[in-house]
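Residue-level structure breakdown
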Amino acid sequence: MGNFKTYIDKNKERFLNELFELLRIPSISANSENDPDIKIAANSIKKHLLKLGLNNCEICETDGHPIVYGEKIIDQNLPTILVYGHYDVQPVDPLDLWDQEPFQPYIKKTEIHPEGAIFARGACDDKGQMFMHIKALEVMMQDSGLPCNVKFMIEGEEEVGSDNLEIFVKNNKNKLSNDIILVSDTGMINKTTPSITTGLRGLSYMEVELTGANRDLHSGHYGGTVANPINILSKMIASLHDSNNKITIPGFYNKVSEASNDERKEISSIPFNLDEFKKSIGINAEHGETGYSTIERQSIRPALDVNGIWGGYTKEGSKTVLPNKANAKISMRLVPGQNWREISKLFTKHIKNITPKTVSVKVTEHHGGEPYVAPTNTVGFKAASNAYEDVFNLKPIPTKDGGSIPIIALFEKELESKSILMGFGLDSDAIHSPNEHFGVSNFLLGIETISKFYHHFTKLSKG
Ligand code: BES
Ligand code: MN
Ligand code: MN
C-alpha cells in the first residue's frame, strides 16, 4: 500500500470540484418536483463509477427513486466490500436561514474547520461522505490497484425511508453478496477524535390527525362549547411523557434491553463536554429521561418527538377561528430489543385510547426501521480501527449514534453481513439544517482512511 496522502493532496482541488458538481444537483427525495434532479444525480454517480472502470454499472429503476450499482470483481477468492451510501438529500426549508443558496456549494472557514468547510445541502449527509468512497477507489487504483473486490450501491430514498431499496435488497441477494458493508453516513466525536459507529437507533414515524366539527367554526360563537382539536391534540401529546420524561405508551419499554454497567461505564468515558454541547446548540439546560446522561439519552435510550404540528390559522394577523382539524407528525427513536412495527402498533392503540369522544382520530404509519448494533470483535472493526490509527494516529472510539439508517439492520437480516459505519461528519456540521457543511479536511482524511481500510480488511481477511 503506497502513500495515498500525496495523491490526495495533489488532486484535492479536482476532488472538490467534482463533489461541487454533484452538490449542485437538488436531489431532494421528498419533493416530487425534484424527480428530474434525482435522475440527474443518479446518472452523475453512474458516470463516476464507469470512469473508474467498474463493471455492470447500471441505474436500477424502482417504484421510487433509482439505485446506482457498479462492481469490480478482481478475484473471486478475495473478500468483497459492499459500499452503501445515498445521493438523495433532505429538503432545504427554511430557505431564508441559509447564508447562501443551498445548491450553490462554496467553501468557508469556520471555527471548527479553520481549513475551510464545504457548504451545501448534502455536503455531509450524504453526498460528501458517499463521494469519499468514489474517490478512495480512484486513489487505490492509481496506487497498487484495488486489493479486493468491491460493489457499490448508492440509493436515492434514504431520507424518505428506503422502502424500495428494501425490495431491491430482498430480490438481489446474490448480486449484493459481500463480506462486509462499508458506509460513511454517520459522524465522529470531534475533529481529532475518530470513532466508529457501533449502534444506530431504530425509528417509527407516525402521523396523527384529529377532527372535531364538520367545518371550522367561529371561535366566539362556538368557543367553550365544542372541542378544539388543537387543544386536545396538545394535551394528548403532552401526556406522552411523564414527569421523569419517560414515554407513557403502555408496553413501550417492555423489550428495551438495558445497558450493562460495563457498557454504561464505557459510555461515560467517551469524551463529552455538556457545557460545550449546550453552547453549541444555544440551550441553557439539557433535558431528558431521569437517570441517564446526555450521551445515554442520545444513544442507548429511546425518544419520542413531535417533528411537526399544524392546524388552524397561522398566517398574518389574527383570525378568530375554532379549527376542526389538528395534525402532528411524531417520531420515536428505538433501541435494541424494540421492534418498530410493534412500537407503531402500541402507539396507534394508545393514541386511540386517549382520544376523547369529542373528536375523531386517524393514525397513519409512515415508515420505520430497526435499531442496529455492531460487534467490535470482528475483522471489519479491527481493519477500520487500524485504518483510523494510520491516518489519525489515534485508536477510534466505538460510539452509538442517535440517528437512524434503517436499511443497515435490514442488510444484516437479508444479506447476513455486518456494516462498518465509518462516519466523518461532526455534530456541528448541521445536517438536515440550514448551512449544512462538511470539513474539507474531514473529506480528505475520510478518503485516505477508507483507502487504508480496503488494505487492512483484505490483509486481515486472509488471516
Ligand atoms: N445520515 C443520517 C443518519 C445519521 C445521522 C446517523 C447522524 C447517525 C448520525 C440519515 O441520512 C438520516 O437522516 N436518517 C434519518 C432516518 C430516515 C429514515 C429518514 C434520521 O435519522 O432521521
Ligand atoms: Mn444520511
Ligand atoms: Mn439524513
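Note that the coordinates shown come from a computational prediction; the quantities given were computed from them, not determined experimentally. (Residues numbered from 1 in each chain as written. Chains lettered and ligands numbered in written order. Predicted model: local features only at pLDDT ≥ 70, side-chain atom pairs only at ≥ 80, totals over all residues. Heavy atoms only, no water.)

**A look at the overall build of the protein**
Helix and strand counts for the protein come out as 12 helices and 18 strands. Rg of the C-alpha trace for the protein: 23 Å, near the compact-globule value of 23 Å for 463 residues, within the 12% margin. Projected onto its principal axes, the C-alpha coordinates of the protein cover approximately 80 × 50 × 45 Å. Looking at the protein as a whole, 53% of its 463 residues qualify as buried. For the protein, the exposed area adds up to about 21,000 Å²; of that, 48% sits on carbon and sulfur atoms. (Helix = DSSP H or I, 4+ residues; strand = E, 2+ residues; numbered from the N terminus. Rg over C-alpha atoms; globule rule 2.2 N^0.38 Å. Buried < 20%, exposed > 50% of the residue type's maximum accessible area, 1.4 Å probe, protein only. Areas by Shrake-Rupley, 256 points an atom, 1.4 Å probe, with all protein chains shown as cover.)

**Quick look at the site of ligand 1**
Residues in close proximity to ligand 1 total 16 residues, the closest being E158, D185, R333, S404 and H432. Separating an oxygen atom of ligand 1 from a side-chain N or O atom of H432 is a distance of 2.8 Å. Notes on ligand 1: free accessible area 520 Å², of which the protein chains cover 88%. Its residues assigned to classes, the shell around ligand 1 comprises four nonpolar, six polar and six charged. (Near = heavy atom within 4 Å. Polar contact = N/O pair within 3.5 Å; in protein donor to acceptor, adjacent residues only side chain to side chain. Nonpolar A, V, L, I, M, F, W, Y, C, P; charged D, E, K, R; others polar.)

**Some points on the coordination of the manganese ion (ligand 2)**
For the manganese ion (ligand 2), the full set of protein donor atoms is H86 (NE2), D125 (OD), D185 (OD) and D185 (OD), at a range of 2.0 to 2.4 Å. The site at the manganese ion (ligand 2) holds six donor atoms, and with the angles between them running 57 to 166°, its shape is irregular. Between consecutive donor residues of the manganese ion (ligand 2), the sequence gaps follow H-x38-D-x59-D. The distance between the manganese ion (ligand 2) and the manganese ion (ligand 3) comes to 3.6 Å, and D125 binds to both of them. Within this pair, whereas H86 is found in strand β3 (residues 80-86), its partner D185 is found in the loop between β7 (180-183) and β8 (195-200), the two being separated by 99 residues in sequence. Residue class for H86 comes out buried when judged on its relative accessible area of 0%. For D185, a relative accessible area of 12% puts it in the buried group. (Donors = N, O, S within 2.8 Å, 3.2 Å for Na, K, Ca; no water. Tetrahedral: all angles 85-135°; square planar, octahedral: opposite > 155°, others 65-115°.)

**Here we look at helix α5 (residues 229-238)**
Turning to α5, its buried residues number three or more, namely P229, I232, L233, M236 and I237. Down the axis of α5, the smallest arc covering the buried residues is 130°, so these residues share one side. Exposed side chains of α5 directed beyond 90 degrees from the buried face belong to N231, K235 and A238. At the N-terminal boundary of α5, the capping side chain belongs to N228, with an oxygen 2.8 Å from the backbone nitrogen of I230. (Arc of directions from axis to C-beta.)

**Thoughts on the nonpolar core**
Side chains of a nonpolar character, in soluble globular proteins, are inclined to be buried together. Ranked by internal contacts, the top residues of the largest apolar core, which has 64 residues, are F152, M422, F443, F453 and Y454. Elements with a contribution of two residues or more to this core: α1 (4-23), α2 (35-51), β3, α3 (127-142), β6 (149-155), β7, α10 (379-392) and α12 (440-461). Per-element tally for this core: the top contributor is α1, with nine residues. Look past the residues within four positions of F152 in its chain and what remains in contact with it is L49, L54, V68, Y69, G70, V83, H133, I134, L137 and Y454. Among the nonpolar cores identified, the runner-up in size contains 24 residues, and A227, I249, L304 and I343 belong to it. (Core = buried A, V, L, I, M, F, W, Y, C linked by side-chain atoms within 4.5 Å. Contact = heavy atoms within 4.5 Å.)

**Quick notes on the domain arrangement of the protein**
The domain architecture assigned to the protein consists of domain 1 (4-200 + 371-461) and domain 2 (202-256 + 302-369). Measuring from the centre of the C-alpha atoms in domain 1 to the corresponding centre in domain 2 gives 35 Å. Taken together, the nine residues of domain 1 in the interface contact 10 residues of domain 2. When the area that domain 1 buries against domain 2 is broken down by residue, the three leading residues are P371, S404 and P406, summing to 60%. At the boundary of domain 1 and domain 2, one finds zero salt bridges. Here the side of domain 1 that touches domain 2 is composed, by residue class, of five nonpolar, four polar and no charged. (Domains from an automatic or database assignment. Buried area = accessible area lost by both parts, 1.4 Å probe. Salt bridge = Lys/Arg side-chain N within 4 Å of Asp/Glu carboxyl O.)

**Focus on the sheet that holds strand β18 (residues 437-439)**
With antiparallel pairing, three strands are arranged side by side in an open sheet as β4-β5-β18. Looking at the sheet topology across the chains shown, the edges are occupied by β4 (106-108) and β18. Across the sheet, the axes of successive neighbouring strands diverge by a mean angle of 30°, strand direction being ignored. With three bridges connecting them, strand β5 (residues 117-119) and β18 associate as antiparallel partners. Counted as the bridge partner of F119 is H437 from β18. Lying over the sheet, α1 contacts β4 and β5, oriented at roughly 25° with respect to β5. (Pairing = 2+ DSSP bridges. Axes fitted to C-alpha atoms, helices over the stretch in contact; angles between N-to-C directions.)

**Looking at the coordination of the manganese ion (ligand 3)**
Taken together, the protein donors to the manganese ion (ligand 3) comprise D125 (OD), E159 (OE), E159 (OE) and H432 (NE2), at separations of 2.1 to 2.5 Å. Coordination at the manganese ion (ligand 3) is irregular, judged from the six donor atoms that bind it and the angles of 56 to 156° they form at the metal. Read from N- to C-terminus, the donor residues coordinating the manganese ion (ligand 3) fall into the pattern D-x33-E-x272-H. A relative accessible area of 39% places H432 in the partly exposed class.

**Notes on the sheet that holds strand β9 (residues 202-211)**
Ordered in space as β11-β13-β9-β14, the four strands form an open sheet in which the pairing is antiparallel. Where the open sheet ends on each side, the last strands, each with one partner, are β11 (303-310) and β14 (360-369). This sheet shows a mean twist of 20° between the axes of neighbouring strands, independent of strand direction. In the sheet, β9 pairs with strand β13 (residues 325-334) via 10 bridges, with the strands oriented antiparallel. From the neighbouring strand, M206 faces β13, where its bridge partner is I330. Packing of α5 onto the sheet brings it into contact with β9, β11 and β13, and relative to β13 it is tilted by some 15°.

**Focus: the pairing of β9**
For β9, the tally of buried residues reaches nine of 10 residues, placing the bulk of the element in the interior. Note: β9 against β14, eight bridges, orientation antiparallel. Bridging across to β14, L203 finds its partner in G369.

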